[in-house]
Amino acid sequence: MFYLKYSLNESHFVISVKRAIQILRLYTPNRIELGIKEIANLLDLSTSTVHRYVKELEQEGFLIQNPFTKQYRLGFSVISLGGIIQSHQEIYEEANPILENLANRFHLPAHICVMENNRVIYLLRAMGDAPTKLITKRGRFNDVHCTAEGLAILAFKSNPVIEDIIYQPLREYTPYTITDPQELKTLIHQVRYDRFSITQDMFALGYISLAVPIQNYSGEVVSSLALIGDTNQIKEIQYEEVISELKNGAKEISMMLGYYED
Amino acid sequence: MTRTPNSSITNALHILKCFSIDHPELSLSDIANYTDISKSTACRLLQTLESEGFIHQNANDNTYRLGSALLSLTHTAINQFTFLKEMTPFLKNLTNYTKETSYIALLEHKDVIYIKKEDSPFRVQMLSHIGRRNPAYCTGSGLAMLAFIDEQTISDMFPQQLPTYTKHTISTLEELQEELKVIRKQGYAISKGQYTENIISIGAPIFNTKQKVIASITVTGPINRIMINLHKFIEALIQESDKITNFIERKEEDVLLEIFTK
């Protein structure tokens with residue numbers, strides 16, 4: 001059954017719960033410990049109220065007291081809950097508007113890609129306005145070594161993972177596909193340094209892919225944001241602009257996944 | 001113990017905690033059942049949590065899941081363990097040598113929580129990503145820590161009969177105490193299919209300067225792959241755990257870690 005959501009006005013919310021969440025939100029990588037007084041000042045609440053809320057948060061493991069300073073830190077429950085969200089791919093669905101914007105602006109389909117079982121898989125796609133033949137299918141796998149969207153993830157994996165892939169017999173899709181492990185290694189190092197990857201004609205002739213990495217709350221590169229399509233849609237002079245826009249988009253998506261730039 | 005009904009904050013935190021990897025999406029009835037809160041109260045709490053981005057409601061089917069605002073908190077919570085960044089080389093050593101996934105875990109009451117990992121170059125399973133909580137008595141990482149807690153505390157912590165997950169799970173307190181004695185003597189723990197069939201984890205404790213166990217390091221993978229090299233892997237594991245213990249002795253971090261290892 002579908003029902004209209006309440007108009008979410010302040011009066012309907014439980015104020016104590018909102019305050020408790022606001023207490024948790026005071027914590028940042030630069031502010032990992034807080035005392036009752038400090039919290040009370042920051043939120044403009046009385047110390048007795050804050051004390052009561054903090055005790056309840058502590059009871060449930062959301063805060064933990066440092067016995068040496070008597071101040072509070074984020075507790076285990078917060079760590080565990082993040083672990084549950086991480087395994088969710090729907091979180092990326094919130095990134096759809098970002099994909100739409102990119103796809104419309106550059107007339108190339110925009111994708112979010114992840115690496116699974118040493119292949120790259122297309123999780124989410126926005127087509128944009130340009131009619132273009134697709135070489136990607138949502139939920140389908142492609143090889144990592146010949147796609148910018150794959151290389152933008154692979155470049156940030158550990159050496160054993162990289163070596164496991166590049167020392168496999170690699171398929172030569174076009175005369176431009178790089179299959180030599182040493183050459184690939186050099187390319188991967190370049191991608192890691194640049195924090196973007198561009199591949200042209202390496203997977204299919206006449207196709208280009210431009211991709212940048214996406215990071216999650218632990219700093220790990222977990223996916224890539226890529227524009228993939230007909231090479232003719234885009235001029236070389238635009239590459240810089242595309243990469244810069246992709247990086248902005250990836251930054252926003254990374255923040256949705258809890259990533260903070262220190 | 002208080003007998004008053006739970007406060008709104010406690011109820012709201014209980015709602016957050018009823019989500020898990022196995023149940024990442026819940027209906028209003030599920031939530032009301034799990035938390036023992038009336039549907040109308042739960043609904044109001046959910047809307048409050050949603051207004052702060054801690055809960056997300058799927059528009060299609062009206063189910064709820066945890067919101068992405070929690071992820072940035074998780075990032076902050078994990079990053080307060082500044083020593084974790086320095087654990088990377090130890091985990092990398094272990095994974096490079098074994099080609100299997102390795103972890104650092106902490107103990108919270110009866111659960112282990114994985115807070116840092118290095119992925120195997122082989123296919124990565126989702127069994128223990130960052131933030132995952134597993135029962136300590138079923139896992140190598142948990143057993144390695146439990147073994148260095150005194151017997152009486154263990155008896156107080158666990159009931160006589162323990163829940164079983166596979167036919168290999170330790171099922172009684174008595175059996176657990178026997179197993180912990182062995183682990184204490186040999187200095188490492190093995191869980192062979194005790195939590196997930198066909199998966200083995202080998203854990204070794206990490207101590208602080210007061211010889212108190214504060215964390216563990218684990219290597220885990222499919223039984224058939226690991227058993228062939230079991231002795232070599234145990235040796236490598238103990239070597240890294242000793243190195244970490246030595247490393248921590250030179251730091252003041254153990255003070256903080258001790259708070260987290262209640």
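Residues numbered from 1 in each chain as written. Chains lettered and ligands numbered in written order. Predicted model: local features only at pLDDT ≥ 70, side-chain atom pairs only at ≥ 80, totals over all residues.

**A closer look at the overall build of chain A**
For step 1, the next point in the chain: A count of helical and extended segments in chain A gives 9 helices and 8 strands.
For step 2, the next point in the chain: In chain A, the share of contacts with a sequence separation of at least 24, taken over all contacts with a separation of at least 6, comes to 58%. (Helix = DSSP H or I, 4+ residues; strand = E, 2+ residues; numbered from the N terminus. Contact = placed C-beta atoms within 7 Å.)

**Some details on the overall build of chain B**
For step 1, the next point in the chain: Within chain B one finds 11 helices and 8 strands.
For step 2, the next point in the chain: Taking all 262 residues of chain B together, the buried fraction comes to 43%.
For step 3, the next point in the chain: Pairs at least 24 apart in sequence give 56% of the contacts found in chain B among residues at least 6 apart. (Buried ≥ 20, exposed ≤ 12 C-beta atoms within 10 Å, placed from the backbone.)

**As for the interface of chain B and chain A**
For step 1, the next point in the chain: The partner chain A presents 52 residues to the 54 residues of chain B that form the contact.
For step 2, the next point in the chain: Where the side of chain B that touches chain A is concerned, the elements lending two or more residues are α1 (8-17), α3 (39-51), β2 (64-66), α4 (69-79), α5 (88-98), β4 (111-118) and α11 (253-260) of chain B.
For step 3, the next point in the chain: For the side of chain B that touches chain A, the leading source of residues is α4(B), giving 10 residues.
For step 4, the next point in the chain: Looking at the side of chain B that touches chain A residue by residue, the class counts come to 24 nonpolar, 18 polar and 12 charged. (Nonpolar A, V, L, I, M, F, W, Y, C, P; charged D, E, K, R; others polar.)

**A closer look at α3(B)**
For step 1, the next point in the chain: Taking 1.5 Å as the rise per residue, α3(B) with 13 residues should run 18 Å; its terminal C-alpha atoms sit 18 Å apart, in good agreement.
For step 2, the next point in the chain: If you check which residues of α3(B) are buried, you get A42(B), R44(B), L45(B), T48(B) and L49(B). One side of α3(B) carries all its buried residues, which in axial view fall inside an arc of 165 degrees. Exposed and oriented more than 90 degrees from the buried face of α3(B) are K39(B) and S40(B).
For step 3, the next point in the chain: Its buried side turned inward, α3(B) meets α1 (15-25) of chain A together with α1, α2 (28-35) and β1 (55-57) of chain B.
For step 4, the next point in the chain: Looking one or two places after α3(B), you find G53(B), whose phi comes out positive at around 80 degrees. (Expected span 1.5 Å × (residues − 1). Arc of directions from axis to C-beta.)

**Concerning the pairing of β4(B)**
All names here are of chain B.
For step 1, the next point in the chain: Across the 8 residues of β4, 7 count as buried, placing the element largely inside the fold.
For step 2, the next point in the chain: Direction of pairing for strand β3 (residues 101-108) relative to β4: antiparallel, over a ladder of 7 bridges. If you follow I104 over to β4, its bridge partner there is K116.
For step 3, the next point in the chain: Between β3 and β4, which follow one another and run antiparallel, lie 2 residues, and H109 among them has a positive phi close to 50 degrees.
For step 4, the next point in the chain: With 3 bridges connecting them, β4 and strand β5 (residues 133-135) associate as antiparallel partners. Considered in β5, the bridge of D111 is made with P135. (Pairing = 2+ DSSP bridges.)

**As for the sheet that holds β4(B)**
Residues and elements named next belong to chain B.
For step 1, the next point in the chain: As summarised here, the arrangement of the 6 strands in space is β5-β4-β3-β8-β7-β6, forming an open sheet in which the pairing is antiparallel. Whereas interior strands pair on both sides, the edge strands pair on one side only; in this sheet they are β5 and β6 (189-192). Taking each pair of neighbouring strands and ignoring which way they run, the sheet shows an average axis angle of 30 degrees.
For step 2, the next point in the chain: Across the sheet, α5 is in contact with β3, β4 and β8 (213-222); its angle to β3 comes to roughly 135 degrees. (Axes fitted to C-alpha atoms, helices over the stretch in contact; angles between N-to-C directions.)

**Points about the confidence of the model for chain A**
For step 1, the next point in the chain: Within chain A, residue pLDDT values average 86, and 88% of them lie at 70 or more.
For step 2, the next point in the chain: Here helix α4 (residues 76-86) of chain A is the element of chain A with the lowest mean pLDDT, 78, and helix α2 (residues 36-43) of chain A is the one with the highest, 96. (pLDDT = per-residue confidence, 0-100.)

**A short note on the confidence of the model for chain B**
For step 1, the next point in the chain: Here chain B averages 86 in pLDDT, and 90% of its residues register 70 or above.
For step 2, the next point in the chain: What the predictor reports for the complex is a pTM of 0.66 with an ipTM of 0.76.

**Focus on the sheet that holds strand β7 (residues 207-215) of chain A**
Residues and elements named next belong to chain A.
For step 1, the next point in the chain: Here we have 6 strands laid out as an open sheet, ordered β5-β4-β3-β8-β7-β6, and antiparallel in their pairing. Every other strand in the sheet has two partners, leaving β5 (141-143) and β6 (197-200) as the edge strands with one partner each. Across this sheet, the average inter-strand angle for adjacent strands is 35 degrees, counted without regard to direction.
For step 2, the next point in the chain: Where strand β4 (residues 119-126) and β5 come together, 3 bridges link them in antiparallel fashion. Counted as the bridge partner of R119 is D143 from β5.

**Considering the pairing of strand β7 (residues 199-207) of chain B**
Two faces make up the sheet, and in a regular strand the side chains alternate between them.
All names here are of chain B.
For step 1, the next point in the chain: Burial analysis of β7 places 8 of its 9 residues in the buried class, the great majority of the element.
For step 2, the next point in the chain: Judged from the 4 bridges that link them, β6 and β7 form a sheet pairing that is antiparallel. Pairing of I190 across the sheet is with I202, part of β7.
For step 3, the next point in the chain: As consecutive antiparallel partners, β6 and β7 are separated by 6 residues, and within that stretch G193 has a phi angle of approximately 65 degrees, a positive value.
For step 4, the next point in the chain: Here β7 runs beside β8; their pairing, made up of 9 bridges, is antiparallel. Bridge assignment links I200 to a residue of β8, and that residue is G221.

**Thoughts on the packing of helix α5 (residues 96-106) of chain A against helix α9 (residues 239-256) of chain A**
The axes of two packed helices give the description: the angle between them and the distance between them.
Residue and element names in this part refer to chain A.
For step 1, the next point in the chain: Interaxial distance between α5 and α9 falls to 10 Å at its minimum, and their mutual angle equals 170 degrees. Compared by their axis directions, α5 and α9 come out roughly antiparallel. Taking contact as the criterion, the partners of I98, L102, R105 and F106 in α5 are, on α9, V242, E245, L246, G249, E252 and I253.
For step 2, the next point in the chain: Along the lines of polarity and charge, the residues of the contact of α5 with α9 split into 6 nonpolar, 1 polar and 3 charged. (Parallel < 35°, antiparallel > 145°, perpendicular 65-115°, else oblique.)

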